[in-house]
Amino acid sequence: MTLSNPVPPGEGGGADHDLAAESTRVAARARSSWILRLPVISHLRGSVGLQRGMLITGLVLVIGLLLTALFAPLVAPYGFAQTGVDGERFGGQQPPSAEHLLGTTVTGFDVLSRVIWGTRTAVAVMVCAVVASLFLGSAVGLLSGYLGGWLDRVLVMLADAIYAFPSLLLAIVMSIVISGGQSNAWGGILAAAISITVVFVPQYFRVIRAEVVQLKAEPFVEAAKVIGTGHKRVMGTHLLRNATRTLPLIFTLNSSEAILTLAALGFLGFGIEPTSAAEWGYDLNRAMADATSGIWWTGLFPGLAIVAAVLGVTLVGESINDLNDPRLRTRKKRSRARRKAAA
């Protein structure tokens, strides 16, 4: 008769059960519809408790921002530079009323319309700046980390040098260079987008490069090279897909920074002209004098719009980053298993 070795307490069955449960979940996800496997939807399905609440809150704010920007002409009661209707001018600094739900500014602009139209400007800057820096930084970081050598040393030195330029200062300089400090709609968007792109490309570059340097020494990459896989396929399939785990967090943080940089440009007077497009930073600048007179509505609502946009994007990024971390998922699964066992 053969006697089996005793299983130490806390080992054996629990680990096997966790492994089997994880295998079942992975197989179920593989059989699920492609819609359910999309990044945000899959993260939403895998979140629980407070984390799910944060993710839902962020998604509601971000979706609201995007829908408002898309349907601004239909939602806004007036144009962003409209100061009257049917030949009658709006009164300046009028408090919230039935005609103007959020009041009017000192120049007679409708505050609600300015806030709604300002979402278009914020979204345009966010998309232009962050998408450009994401693709450019990821491509350069992948190439630098994979090839190494003198090219890697030169690119790392350039990335470190760019860190010396503050994003807001660079945005001011770019605004002056592009349009002499008096930006039209696309001039102001381009100035903010270029400044954010140049400043935040090194972040994507350093993150992707560090991951690629670590991954290219892994056995699965070496095996791909041994069987004759080309460099493009190794970089695109084996390295890039495994080096982008932390990009959602950086992407969302840079999106928030793009909105804040555009608002700062408008607040300092280097942003977009009010007759070219609505911009929250400019409205805050014009509302500074109103605050000392007790006129609170001209500055409160543009400020709340900035806070809501930045908060929504940040919550989505933080939640996705936590859900992409396997260590956090393991802790949560173990804690749920302990609570079930205790019950």
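Our subject is the structure that appears above.
Worth saying up front: this structure is predicted, and the values here are computed from it rather than measured.

Thresholds, definitions, all that
- Residues numbered from 1 in each chain as written.
- Predicted model: local features only at pLDDT ≥ 70, side-chain atom pairs only at ≥ 80, totals over all residues.
- Heavy atoms only, no water.
- Helix = DSSP H or I, 4+ residues; strand = E, 2+ residues; numbered from the N terminus.
- Buried < 20%, exposed > 50% of the residue type's maximum accessible area, 1.4 Å probe, protein only.
- Contact = heavy atoms within 4.5 Å.
- Areas by Shrake-Rupley, 256 points an atom, 1.4 Å probe, with all protein chains shown as cover.
- Axes fitted to C-alpha atoms, helices over the stretch in contact; angles between N-to-C directions.
- Left-handed = near helix turned anticlockwise from the far one by under 90°.
- Phe/Tyr/Trp six-rings, centres within 6.5 Å; stacked < 30°, edge-to-face > 60°.
- 1 Å grid on protein atoms, 1.4 Å probe; cavity = no way out; pocket = protein on both sides within 12 Å on 5 of 7 lines; lining within 4 Å.
- Points joined across faces, edges and corners; volume = space filled by probe spheres on them.
- Nonpolar A, V, L, I, M, F, W, Y, C, P; charged D, E, K, R; others polar.
- Core = buried A, V, L, I, M, F, W, Y, C linked by side-chain atoms within 4.5 Å.

A. Representation of the overall build of the protein chain in the model. On a plain count of helices and strands, the protein chain comes out with 14 helices and 2 strands. When each of the 343 residues of the protein chain is scored for burial, the buried share is 40%. Excluding contacts between residues fewer than 6 apart, the proportion of contacts in the protein chain whose partners are at least 24 apart in sequence is 73%. About 18,800 Å² of surface is accessible on the protein chain, with carbon and sulfur atoms providing 66% of the total.

B. Region of interest: the environment of F301. When you line up the elements, F301 lands in helix α13 (residues 297-324). The spacing of F301 and V115 is 186 residues in sequence and 7.2 Å in space, taken between C-alpha atoms. With residues up to four places along the chain from it excluded, the contact list for F301 reads L102, V111, V115 and W296.

C. Geometry of the packing of helix α5 (residues 111-147) against helix α8 (residues 185-215). It is the contact of α5 with α8, at a shortest axis distance of 6 Å, that shows an interaxial angle of 35 degrees. Once α5 is placed against α8, the crossing between them reads as right-handed.

D. Geometry of the packing of aromatic side chains. Applying the stated criterion across every chain, the model contains 4 aromatic pairs. Both rings, one in F80 and one in W117, keep their centres 5.7 Å apart while their planes meet at 70 degrees; by these two values the pair is edge-to-face. A residue pair is termed long-range when its members are at least 10 positions apart, and F80 in the loop between α4 (72-75) and β1 (84-85) and W117 in helix α5 qualify at 37 residues. Assessed through its relative accessible area of 22%, F80 is described here as partly exposed. Ring geometry for W296 and F301: centres 6.0 Å apart, planes at 50 degrees, overall tilted.

E. Local environment of the layout of surface pockets. Here the second largest pocket defines a volume of roughly 440 Å³. Lining the second largest pocket are 18 residues, and of these F251, T252, S255, V313 and V316 lie nearest its centre. For the lining of the second largest pocket, the elements supplying multiple residues, two or more each, are α3 (49-70), α5, α11 (247-268) and α13. Broken down by element, the residue count for the lining of the second largest pocket peaks at 6 residues, all from α5. Its residues assigned to classes, the lining of the second largest pocket comprises 15 nonpolar, 3 polar and no charged.

F. Examining empty space enclosed by the protein more closely. Inspection of every chain in the model, using the stated rule, returns 2 cavities of 30 Å³ or more. The computed volume of the largest cavity comes to approximately 80 Å³. What lines the largest cavity is T105, V106, T107, F109, Y282, D283, R286, A287, D290 and T298. Per-class residue counts for the lining of the largest cavity are 4 nonpolar, 3 polar and 3 charged. There is about 50 Å³ of room inside the second largest cavity. Lining the second largest cavity are G118, T121, A122, I259, L262, A263, E279, W280 and I306. At the level of elements, α5 and α11 are the ones that each hand at least two residues to the lining of the second largest cavity.

G. Quick look at unusual backbone geometry. With phi around 55 degrees, Q93 is a residue other than glycine that occupies positive phi space. The residue Q93 is located in the loop between β2 (88-89) and α5 in this model. Q93 gets classed as partly exposed once you look at its relative accessible area, which sits at 27%.

H. Main features of the nonpolar core. In terms of nonpolar packing, the biggest core is built from 35 residues, with V212 and L239 touching the most fellow members. Only α5, α7 (167-179), α8, α9 (219-226), α10 (231-239) and α11 provide two or more residues apiece to this core. With 11 residues, the single largest contributor to this core is α8. Residues within four places of L239 in sequence aside, it is in contact with L142, Y146, V212, L215, K216, V221 and V234. Membership of the second largest hydrophobic core comes to 30 residues, among which are V115, M126, A278 and V316.

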